[in-house]
Amino acid sequence: MKKIILILFLVIISLNFINGETFLTQYTFGRLNNIGDIRSISMGLRGLSLYDSQNSSTINPATSTYSDDIIISLGEIISNYNINYDKFSEDFYKRNFTTPYFNIVFPSPLKNLSFSAYFNSEINSKLQLKFEQNGEKINELFQKNINKIQFATAYKVFDQLSLSIGGLYLFGNEENKYIINTEYTNSTEEDIWKYKYEGYGIKFGTLLNLDNFTFSGMFRPSFQVDINRSFDDITLESKPFDYPQNLSLGIAYSNNDNFLISGEYINENWSNLDYTSYQTFTMEDLYRYGLGIEYLLEIKKKKNYLKKKISIPIRTGFYYQKGYYNEGNEYGFSLGTSIKPFKSEKARFDLILTIGKKDMILDTNYEETFINFGISFNGRDKWYNTK
Amino acid sequence: MKKLIFSFFLVVIFIFSCGKKGPIELSNYDDSNVKDASSLTDISLSDDFYTHRQKYEPSSSDELWTGYSKNRNIKTIVELSPVEIDLSNQPFYLKMYIKRDTLTFFDLSMGRIIEDWELSEITIDERKEGEPWNWDTDVVDIKTITDANKYYDEDNDKYYIKIDITDYILSWDNEEIENNGIVIYPNNTSNDYDFISFYSKNADSFKPKIIYETLNTENETEINEVDIYSDFHIADTFSNNTYNNQLFLGDGYYPIFNVDFDLSNIDIKWEILEGYLIFKNLDSSRLENSFDINLSDYENGDVQFYIARVKSDNPEDFIMDNFYLCDAEIFEGYFALNITEFLKIRSQYDNKLNFGILPFRNLSKFRFLEIYDKPELKIIYRENPEG
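In this text the structure is predicted, and so the values were computed from the model without any measurement. (Residues numbered from 1 in each chain as written. Chains lettered and ligands numbered in written order. Predicted model: local features only at pLDDT ≥ 70, side-chain atom pairs only at ≥ 80, totals over all residues. Heavy atoms only, no water.)

Details of the overall build of chain A
Each helix and strand in chain A was counted, giving 2 helices and 17 strands. In terms of overall size, chain A behaves like a compact globule, its C-alpha atoms giving a radius of gyration of 22 Å where 387 residues would be expected to give roughly 21 Å. The principal-axis extents of the C-alpha atoms in chain A amount to approximately 80 × 50 × 40 Å. Residue pairs in contact within chain A that sit at least 24 positions apart in sequence constitute 63% of those at least 6 positions apart. Counting only carbon and sulfur atoms, one obtains 56% of the accessible surface of chain A, whose full area is about 16,800 Å². Considering chain A, the positive charge centre built from 41 side chains and the negative charge centre built from 44 side chains are found 14 Å apart. (Helix = DSSP H or I, 4+ residues; strand = E, 2+ residues; numbered from the N terminus. Rg over C-alpha atoms; globule rule 2.2 N^0.38 Å. Contact = heavy atoms within 4.5 Å. Areas by Shrake-Rupley, 256 points an atom, 1.4 Å probe, with all protein chains shown as cover. Lys, Arg positive; Asp, Glu negative; His and termini not counted. Charge placed at Lys NZ, Arg CZ, Asp CG, Glu CD.)

Here it is as structure tokens:
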């Protein structure tokens, strides 16, 4: 009963705050700092090289070949941030933003073959601005939602090498509404732009596991995204654009006991984005560097004259991202852990706290400092023995 | 302990996720994407304009015209049915209230029609299809209507005519003479646009009546009124359905214009804040008389015309839709129609419109106006926010 109440509580939180508010979607494709799973993100990573039974990130699907268990991970990160924007005469505005995701790792009954899937709602923004301009009252409402669903299969070619291939489906919509109460004609004008996004891509992953070291790579070629656009319900000409390619490399070292360190390099070619048929986005290539560690802290305690040992993972990490936004810089420190509130060893909650800052030039200087809190529920279960 | 930590994290996440949402109200903020309204801009109307005419039933008019308009002789025909009248109460009068009077000389005639006619076929040329009038012999017992027959109704501030028709009624009572009604027509035919109009049986008030006096039980004089049977006016008909490069308004004439906003570089998405069709060369006095309007009523919004899209501009298949009532205004000293709302439908028709102007009271009158020059179309627009 307690479990049901707990899960219900989590679901309510997720539903209540599924939308966040950000200015960045007006000039970019949103915020891309929370991708992977809570455990990876708490190490400043996306989880490219985390090749162990705890990993639920499927950003590199090749990592799924390790697990004998079916793993599901449902998580959400809530960003609270302060905005310093030169367009505002006021100082800071406090806003928040959420990023839900859902990962599945699914080993197949066939030896060395596994499947994985994820749903990641990278952009869920809803921003409303009210201001007066030239004596007219203007109300702007920007909503954008872009999601990715990935299905992938991975195969362990031999004990050290896994290869994967996956399909990616991008979908979403956007609505930008401008309401102008003009005294000029004593009337209200309303202009609504609507976009529907849809595109299909592929993704390749590899992972080389050499005892303590793991090397990984993921490549997602650019893929075409179709846009159906309308203005005030009038369908306009649609021109597809290429969603940029992604090249990610990772390395991890584990002592196979209680210590793990991992680093990542990610590059996305956003400077090639040709989106001028719709909106003017000035973007740069993304370079992201992440480094994180995980340490299994063991606490011994006595209870009722019995010695007990509690293992608590402590995770921390740092990432730095250059580009993506115009003249963009972003960094973040993160801290995380896991707890197992239930008696089962196969269920845990991962928690994260990240503090960071990003700055860029949108149409003028824009700066955010943010604190992210996140939680995910991870469940594992073994349906069959694949060894 | 673990549950306590977990619960603490949940509460923290919940509290932070309840951060400020909703509209951000900004002061001293400008969105360069929201443009100011334009200055007054000329839009080219095509030189390919014309006038279309539709036929109409004359009997449904709420006015009765007699005189000359567009070089057409107009006559009023009234049918009387005096069966309810006690013939001992002579004399009997026909009382008709005057609505508008532009006659140079108040010099009319009235006579009894001796030939029968068909309402569905009657014109000023034919009483039945294929049977022409002979206005010299088909009308007898002619009476002259002069200023002596014109009276002033102080209570209603209106003039009316009163003519003794006792002999007509007595002759019809003698069943040897067929009652084909009476005709009223002008004697002076030298001036064009010289007419008088009376309220008809279809008007809301001041309807034509047969009146006579009786004595009540207290030996006081009482005025008795009897409704007439029917009334209408007839005039020359025009065979042409279209008049190229000529503009007439009223009496079944619709001036038709064509505008392509692309030719004036007005994007289909832009908002038209104000749009005026300005008529710089027309006779304002004739305008008032023709359409029963007063210049002083412009500001009250009491002067209105219809504007409608011409769905098919083929004269053989002339169809209009999208009817909008628009206010007449004085714009920069000229008579103009405010067609702002109508122009908004251009977005549904590829930024192009064929449209016609119609009087507020359509068709069944001889309200008619010649428009000497093509009107000018001026708009104030706003470029819509993009994206």
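Considerations on the sheet that holds strand E20 (residues 253-260) of chain B
Residue and element names in this part refer to chain B. A sheet is described by the order of its strands in space; here 10 strands give the open sequence E2-E27-E21-E24-E23-E22-E25-E20-E3-E18, paired in antiparallel fashion. On the outer flanks of this sheet lie strand E2 (41-43) and strand E18 (242-244), each paired with one strand and no other. Shown here is a sheet whose adjacent strand axes are inclined to one another by a mean of 35°, direction ignored. As judged from the 4 bridges shared by strand E3 (residues 50-53) and E20, these two strands associate in the antiparallel manner. Looking at the pairing, Thr-51 lines up with Pro-255 of E20. (Pairing = 2+ DSSP bridges. Axes fitted to C-alpha atoms, helices over the stretch in contact; angles between N-to-C directions.)

What about the packing of aromatic side chains?
Within the structure shown, the criterion is met by 38 aromatic pairs over all chains. Taking 4.9 Å as the distance between ring centres and 45° as the angle between the ring planes, the aromatic pair formed by Phe-318 of chain A and Phe-333 of chain A counts as tilted. Taken together, the positions of Phe-318 of chain A in strand E14 (residues 306-324) and Phe-333 of chain A in strand E15 (residues 329-339) put the pair 15 residues apart, joining distant regions of the chain. By relative accessible area, Phe-333 of chain A is classed as partly exposed at 48%. When the centroid spacing of 5.3 Å and the interplanar angle of 10° are considered together, the rings of Trp-270 of chain B and Tyr-381 of chain B count as stacked. With Trp-270 of chain B in the loop between E20 and strand E21 (271-279) and Tyr-381 of chain B in strand E27 (residues 376-382), this residue pair connects regions lying 111 residues apart in the sequence. Judged by its relative accessible area of 16%, Trp-270 of chain B falls in the buried class. (Phe/Tyr/Trp six-rings, centres within 6.5 Å; stacked < 30°, edge-to-face > 60°. Buried < 20%, exposed > 50% of the residue type's maximum accessible area, 1.4 Å probe, protein only.)

Regarding the pattern of salt bridges
Once the charged atoms of two side chains with opposite charge are near each other, the side chains can pair. This model, assessed by the stated rule, comprises 35 salt bridges over all chains. Arg-382 of chain B is paired through a salt bridge with Glu-136 of chain A; the nearest N and O atoms lie 2.7 Å apart. Here Glu-136 of chain A lies in strand E4 (residues 136-158) and Arg-382 of chain B lies in strand E27, a pairing that spans two chains. Among the residues examined, Arg-382 of chain B registers a relative accessible area of 1% and is labelled buried. Ionic pairing is found between Arg-127 of chain B and Asp-116 of chain B, a salt bridge with its closest N-O pair at 3.0 Å. You can see Arg-127 of chain B sitting in strand E8 (residues 126-128) and its partner Asp-116 of chain B sitting in the loop between strand E7 (108-113) and E8, a full 11 residues away along the chain. (Salt bridge = Lys/Arg side-chain N within 4 Å of Asp/Glu carboxyl O.)

Considering the domain arrangement of chain B
It is common to report an interface's size as the accessible area lost on association of the parts. Taken domain by domain, chain B comprises domain 1 (17-49 + 245-382) and domain 2 (58-235). The straight-line distance from the C-alpha centre of domain 1 of chain B to that of domain 2 of chain B is 40 Å. (Domains from an automatic or database assignment.)

What about the side chain of Thr-340 of chain B?
Residues and elements named next belong to chain B. Relative to the helices and strands, Thr-340 resides in helix H4 (residues 340-343). Of note is the side chain of Thr-340, whose polar atom sits 2.5 Å from the side chain of Asn-338. When near neighbours in sequence (up to four residues on either side) are disregarded, Thr-340 contacts Ile-272, Leu-273, Glu-274 and Gly-275. (Polar contact = N/O pair within 3.5 Å; in protein donor to acceptor, adjacent residues only side chain to side chain.)

As for the nonpolar core
Ranked by internal contacts, the top residues of the largest apolar core, which has 55 residues, are Phe-29, Tyr-197 and Tyr-275 of chain A. In terms of residues, this core owes the most to one element, strand E3 (residues 113-133) of chain A, which gives 5 residues. Setting aside anything within four residues of it in sequence, one finds Tyr-275 of chain A in contact with Phe-29, Glu-174, Tyr-195, Tyr-197, Ile-227, Phe-241 and Phe-281 of chain A. Phe-49, Leu-277, Leu-287 and Ile-339 of chain B belong to the second-largest nonpolar core, a separate cluster that totals 37 residues. (Core = buried A, V, L, I, M, F, W, Y, C linked by side-chain atoms within 4.5 Å.)

Things to note about helix H3 (residues 284-291) of chain B
Residues and elements named next belong to chain B. Among the 8 residues that make up H3, 6 are buried, leaving the element largely enclosed by the rest of the structure. The N-terminus of H3 is capped by Asp-283, whose side-chain oxygen sits 3.0 Å from the backbone nitrogen of Ser-285. Where H3 terminates, the next one or two residues include Asp-292, which has phi positive at roughly 55°.

Describing the environment of Ile-169 of chain B
Residue and element names in this part refer to chain B. Its place among the elements puts Ile-169 in helix H2 (residues 166-173). Under the relative-accessibility criterion, Ile-169 is labelled buried at 1%. For the pair Ile-169 and Ser-81, spaced 88 residues apart in sequence, the C-alpha separation works out to 8.7 Å. If we skip the residues at most four places from it in the chain, Ile-169 touches Pro-82, Ile-85, Leu-87, Phe-92 and Ile-210.

So, unusual backbone geometry
Residue Pro-91 of chain B follows Gln-90 of chain B across a cis peptide bond; omega there is 0°. Take Pro-91 of chain B: it is sitting in the loop between strand E5 (72-79) and strand E6 (93-101). Unusually for a residue other than glycine, Glu-327 of chain A sits at a positive phi of about 50°. Relative to the assigned elements, Glu-327 of chain A resides in the loop between E14 and E15. Unlike most non-glycine residues, Asp-350 of chain B shows phi in positive territory, near 60°. With respect to the helices and strands, the residue Asp-350 of chain B is situated in the loop between H4 and strand E25 (352-359).

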